[in-house]
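Chain by chain, the residues run as shown.
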Amino acid sequence: MRVADYFLNYVKINTQSDPNSKTYPSTSSQLEFGKLLQKQLQDLGFSVSIDNFGYVISRIPASVSSQVPNVALIAHMDTSPDASGDQIKPRIVYDYDGKDIILNAEKGILLSPQVFPNLLANVGHDLIVTDGQTLLGADDKAGVAEIMALAEFISENPTYPHGDIILVFTPDEEVGNGTLYLDPSQLSADFGYTLDGEAAGEISFENFNAAEATVTIIGASVHPGSAKNKMVNAISLAYEFDQYLPRFARPEITEKYEGFNHLYNIEGRVEKTTLSYIIRNHDPLLFEKQKTDFLSASAFLNRKYGKNTCDLVITDSYYNMKEKLEDHQEVIDIAIDAITEIGLAPIIEPIRGGTDGARLTYQGLPCPNLGTGGHNYHGPFEYASIQEMEQSLEILKIIIRKIARQ
Ligand SMILES: [Zn+2]
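Let me begin by describing the structure that accompanies this report. (Residues numbered from 1 in each chain as written. Predicted model: local features only at pLDDT ≥ 70, side-chain atom pairs only at ≥ 80, totals over all residues. Heavy atoms only, no water.)

### Examining the coordination of the zinc ion
Okay, step 1: Only His 76 (NE2), Asp 139 (OD), Asp 196 (OD) and Asp 196 (OD) from the protein coordinate the zinc ion, and they sit 1.9 to 2.7 Å from it.
Okay, step 2: Taken together, the four donor atoms coordinating the zinc ion span angles of 53 to 148 degrees at the metal, a pattern that classifies the geometry as irregular. (Donors = N, O, S within 2.8 Å, 3.2 Å for Na, K, Ca; no water. Tetrahedral: all angles 85-135°; square planar, octahedral: opposite > 155°, others 65-115°.)

Given below as structure tokens:
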């Protein structure tokens, strides 16, 4: 099958993860999808395991006899819970002409290059789009489809040079738990690549340093009619706390390498108000500085209103894999050479988020992220270019060949 055939079959299966679920994986449909992948890999002649958490792992033995590094290729099976993923009706727009694409005539939903100028890089491509009602699921079924098409290619070309390849399909990436029960040391891989980026030819090896801050402010509730000099309104103090943070470090006005503090939830009454923030920066020193701003604001409120007014808990979530990948430049170079070899200019972009690869890198498996040909993730404007998916597959073939010839 071609990559697009795998892809079109996979997106019809709703594998959205659920942030409120108490189970792992968070939805049973991911397990079902994992079993389908297991069956398809077995039919190609490879041994595959699927555990109770839903991790699908297959080891393709080397075709070369010399000792070469083992590489893991990783994609996630779930799709985002941010938009509906139910009853996805993919449609192919052949030979895209660069104009607006009508996703849904009845509801007047357009996929327009005026809003998404990245579409203009896909003129002449065959694009898989939605009906405007659901996401597409190219994040990350494009990555899954490319790995499966690679497995099929290896099965049909047994003499094609490659070392051991470990295929890994993970659940629950979109709810932040993609590697929760995955021990990379058990993969016996020397390094890996996640296939979870956007444009073909993209390679990312820098992501945010990330922390979560929870600010709890304790007030004193008194009947408002007799509150003078007695009431302490935790809601007002929470607002004051937020005012002490830098005005311009917010997601809605930052881009590229600019860090931010993002206030994403407030729950409060007069007696007690809790603020939830995420803290993000690529630069480890600026990341620490942002945390210091939180400490200063908290200390100031405690001096001003009494020492137990403000409680601050900061927990680090993940770190920039760049610091670790600097010692493994060859992993990045192999991918850049492969991208160049098929005639694309490598797109090197810092990720304004994290990846499973970032966590795995810190657990000892160097793991940059590659593009897959999907675009505009997590909503109804998501689309995938069939030509870019095929290019991404070609890049994978060259990567495994280059590793075997090292
Ligand atoms: Zn993804």
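We are not done yet, so read on.
### Focus: the packing of aromatic side chains
Okay, step 1: Within this structure, the stated rule accounts for 15 aromatic pairs.
Okay, step 2: Plain terms: the ring middles of Tyr 24 and Tyr 181 are 4.7 Å apart, the flat faces sit at 80 degrees to each other, and that makes the pair edge-to-face. Placement of the pair is Tyr 24 in the loop between helix 1 (3–11) and helix 2 (28–43) and Tyr 181 in the loop between strand 8 (165–170) and strand 9 (191–195), with a sequence separation of 157 residues.
Okay, step 3: On the accessibility criterion, Tyr 24 (15% relative accessible area) is buried.
Okay, step 4: Taking NZ or CZ as reference, Lys 141 lies 5.3 Å from the ring centre of Phe 33, over its face.
Okay, step 5: One Lys or Arg, Lys 397, reaches over the ring of Phe 153 and ends 4.2 Å from the middle of that ring. (Phe/Tyr/Trp six-rings, centres within 6.5 Å; stacked < 30°, edge-to-face > 60°. Helix = DSSP H or I, 4+ residues; strand = E, 2+ residues; numbered from the N terminus. Buried < 20%, exposed > 50% of the residue type's maximum accessible area, 1.4 Å probe, protein only. Lys NZ or Arg CZ within 6 Å of the ring centre and 35° of its normal.)

### Considering the pattern of salt bridges
Side chains bearing opposite charge may pair, as long as their charged atoms lie close to each other.
Okay, step 1: On inspection of all chains with the given rule, the structure shows 13 salt bridges.
Okay, step 2: Across the salt bridge formed by Arg 59 and Asp 164, the nearest N and O atoms sit 3.3 Å from each other. Within this pair, whereas Arg 59 is found in strand 2 (residues 56–60), its partner Asp 164 is found in the loop between helix 3 (138–156) and strand 8, the two being separated by 105 residues in sequence.
Okay, step 3: A relative accessible area of 31% means that Arg 59 is categorised as partly exposed.
Okay, step 4: If you follow the salt bridges from partner to partner, you end up with Glu 288, Lys 291 and Asp 316 in one network. (Salt bridge = Lys/Arg side-chain N within 4 Å of Asp/Glu carboxyl O.)

### Considering the nonpolar core
Okay, step 1: In terms of nonpolar packing, the biggest core is built from 67 residues, with Phe 7, Leu 73, Phe 169 and Tyr 193 touching the most fellow members.
Okay, step 2: Of the residues forming this core, the biggest block, eleven residues, is contributed by helix 3.
Okay, step 3: Setting aside anything within four residues of it in sequence, one finds Phe 169 in contact with Leu 37, Leu 41, Gly 54, Tyr 55, Val 56, Ala 75, Met 77, Val 144, Ile 147 and Met 148.
Okay, step 4: If you look at the next biggest cluster of nonpolar residues, it comprises 18 residues, including Val 215, Leu 237, Leu 245 and Leu 301. (Core = buried A, V, L, I, M, F, W, Y, C linked by side-chain atoms within 4.5 Å. Contact = heavy atoms within 4.5 Å.)

### Quick word on the pairing of strand 9
Okay, step 1: Among the five residues in strand 9, five count as buried, and that is most of the element.
Okay, step 2: The side-chain alternation of strand 9 yields two buried faces, one formed by Phe 191, Tyr 193 and Leu 195 and the other by Gly 192 and Thr 194.
Okay, step 3: Where strand 3 (residues 71–76) and strand 9 come together, four bridges link them in parallel fashion. Along strand 9, the bridge assignment pairs Ile 74 with Thr 194.
Okay, step 4: Note that strand 9 and strand 16 (residues 369–370) share two bridges and pair parallel. Counted as the bridge partner of Thr 194 is Asn 369 from strand 16. (Pairing = 2+ DSSP bridges.)

### Brief notes about helix 7 (residues 329–341)
Okay, step 1: In this model, helix 7 (13 residues) spans 18 Å end to end at C-alpha, consistent with the 18 Å of a helix rising 1.5 Å per residue.
Okay, step 2: Every buried residue of helix 7 is accounted for by Val 331, Ile 332, Ile 334, Ala 335, Ile 336, Ala 338 and Ile 339.
Okay, step 3: Summarising the contacts, the buried residues of helix 7 are in contact with strand 9, strand 10 (202–204), helix 6 (322–325), strand 15 (347–348), strand 16 and helix 9 (386–404).
Okay, step 4: Looking one or two residues beyond helix 7, the residue adopting positive phi is Gly 343, at roughly 90 degrees. (Expected span 1.5 Å × (residues − 1).)

### A short note on the packing of helix 2 against helix 3
Okay, step 1: Here helix 2 crosses helix 3 at 15 degrees, and the two axes come no closer than 11 Å. It follows that helix 2 is roughly parallel to helix 3 by the angle criterion. As helix 2 runs across helix 3, the sense of the crossing is right-handed. Of the residues in helix 3, those touching helix 2 at Phe 33, Leu 37, Gln 40 and Leu 41 are Lys 141, Val 144, Met 148 and Ala 151.
Okay, step 2: By residue class, the composition of the contact of helix 2 with helix 3 is six nonpolar, one polar and one charged. (Axes fitted to C-alpha atoms, helices over the stretch in contact; angles between N-to-C directions. Parallel < 35°, antiparallel > 145°, perpendicular 65-115°, else oblique. Left-handed = near helix turned anticlockwise from the far one by under 90°. Nonpolar A, V, L, I, M, F, W, Y, C, P; charged D, E, K, R; others polar.)

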